[in-house]
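Structural characterization, general
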Amino acid sequence: MSYSVGQVSGFAGVTIRTLHHYDRTGLLSPSERSPAGYRLYGDADLARLQQILFYRELGFPLEEIRAILAGPEDHARERLLARHRQLTEQIAELRRLAGIAERALEVQETGVRLTPEERFAVFGEVSFDLTYATEADLKWQDSEGHRHAMASAAAHSKEDWARLMAEAAEWRGRLLAAFDAGEPPGGERAVAVAEEHRQHLIRWFTPCPPDMHCRIAADFAADPRAFALTVPPSEQRPGLAGYLLAAVRANAAHRGAEQGAGPAGEGEA
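Report follows, based on the coordinates. Since this is a predicted model, take the numbers as computed values, not measurements. (Residues numbered from 1 in each chain as written. Predicted model: local features only at pLDDT ≥ 70, side-chain atom pairs only at ≥ 80, totals over all residues. Heavy atoms only, no water.)

1. Side note on the overall build of the protein chain
Helix and strand counts for the protein chain stand at 13 helices and three strands. Taking all 269 residues of the protein chain together, 36% fall into the buried category. Across the protein chain, contacts joining residues at least 24 apart in sequence account for 61% of those joining residues at least 6 apart. (Helix = DSSP H or I, 4+ residues; strand = E, 2+ residues; numbered from the N terminus. Buried < 20%, exposed > 50% of the residue type's maximum accessible area, 1.4 Å probe, protein only. Contact = heavy atoms within 4.5 Å.)

Here you go:
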């Protein structure tokens with residue numbers, strides 16, 4: 001039995017224009033013609049169309065479909081296995097992104113709602129990267145310290161944030177002064193600055209034992225987005241994040257931190 005272009009278009013769910021394109025490119029040319037010269041599709045043509053639509057559904061480009069249909073069965077199997085691996089990877093990535101999107105809906109930028117003018121007045125150049133916040137939330141979701149910090153941030157009022165940021169600015173001034181003066185990171189002055197930062201975190205966010213402080217400072221050194229939460233880019237110097245990390249580790253060693261604060265803990269950061 002033979003079918004017209006219009007009939008095939010109707011039951012196959014493809015447009016007449018698409019069928020004409022397949023014909024022009026030689027991907028699927030109807031094997032019959034009516035006495036009036038109209039295209040007619042036979043059973044073999046419909047079977048080929050079904051294969052084409054199957055591969056199109058899987059995302060294969062037309063040229064690759066042509067090669068698959070023209071090649072041996074083993075070739076088609078190899079292409080399908082490769083596509084299966086690719087789709088599996090894409091599914092995993094989409095699930096990861098869906099998880100990030102879901103978490104992003106839960107993550108508040110600062111835990112306090114401010115107008116843009118109020119936000120600038122309180123935070124100045126310190127910017128909060130929502131992408132980093134979401135990644136950090138996923139990375140540290142099993143950390144009691146992180147959960148405590150997020151809860152504390154959400155509870156801060158506008159006035160709390162203003163005091164917090166003023167205190168942080170004064171601390172940054174002392175950090176920069178020590179760095180610019182060439183003070184060694186293991187020296188008394190730099191170690192005092194590191195301990196001041198740890199106490200700042202304890203006061204405003206979460207209990208922060210020295211080993212935890214080392215991991216936080218290591219994150220600053222590894223990710224510019226994290227360090228920008230502490231020192232705005234306009235105030236940063238090359239090597240400053242590493243200097244702070246060294247000072248924090250020296251402070252942890254000075255305070256006799258348990259295993260994880262010194263060199264043995266570097267792998268945890």
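Now that the structure has been shown, we can carry on.
2. Describing helix α10 (residues 188-204)
For α10, with 17 residues, the first-to-last C-alpha span of 24 Å sits near the 24 Å given by 1.5 Å per residue. Buried within α10 we find Ala190, Val191, Val193, Ala194, Glu195, His197, Arg198, His200, Leu201 and Trp204. (Expected span 1.5 Å × (residues − 1).)

3. Some thoughts on the pattern of salt bridges
The full count for this structure, using the stated rule, is 14 salt bridges. Ionic pairing is found between Glu64 and Arg79, a salt bridge with its closest N-O pair at 3.0 Å. Taken together, the positions of Glu64 in helix α4 (residues 62-70) and Arg79 in helix α5 (residues 73-106) put the pair 15 residues apart, joining distant regions of the chain. Residue Arg79 is classed as partly exposed on the basis of its relative accessible area, which comes to 23%. When salt bridges that share partners are traced, they join Asp23, Arg33 and Arg39 into one network. (Salt bridge = Lys/Arg side-chain N within 4 Å of Asp/Glu carboxyl O.)

4. Side note on the packing of helix α1 (residues 5-12) against helix α2 (residues 16-25)
With their axes 9 Å apart at the nearest point, α1 and α2 run at an angle of 115° to one another. With respect to α2, the element α1 is oriented roughly perpendicular. Here α1 runs over α2; the crossing is right-handed. In contact with Val5, Gly6, Val8 and Ser9 of α1, α2 contributes Ile16, Leu19 and His20. Class assignment of the residues belonging to the contact of α1 with α2 gives a composition of four nonpolar, three polar and no charged. (Axes fitted to C-alpha atoms, helices over the stretch in contact; angles between N-to-C directions. Parallel < 35°, antiparallel > 145°, perpendicular 65-115°, else oblique. Left-handed = near helix turned anticlockwise from the far one by under 90°. Nonpolar A, V, L, I, M, F, W, Y, C, P; charged D, E, K, R; others polar.)

5. Here we look at helix α13 (residues 240-254)
Taking 1.5 Å as the rise per residue, α13 with 15 residues should run 21 Å; its terminal C-alpha atoms sit 21 Å apart, in good agreement. Of the residues making up α13, those classed as buried are Leu240, Ala241, Tyr243, Leu244, Leu245, Ala247, Val248, Asn251 and Ala252. The inward-facing, buried residues of α13 abut α9 (158-180), α10, α11 (210-222) and α12 (224-228). One or two residues past the end of α13 sits Gly256, with phi positive at roughly 65°.

6. What about the side chain of His200?
Mapping His200 onto the fold places it in helix α10. Of note is the side chain of His200, whose polar atom sits 2.6 Å from the side chain of Glu167. Apart from residues no more than four positions distant in its own chain, His200 is found in contact with Leu164, Glu167, Ala168 and Phe205. (Polar contact = N/O pair within 3.5 Å; in protein donor to acceptor, adjacent residues only side chain to side chain.)

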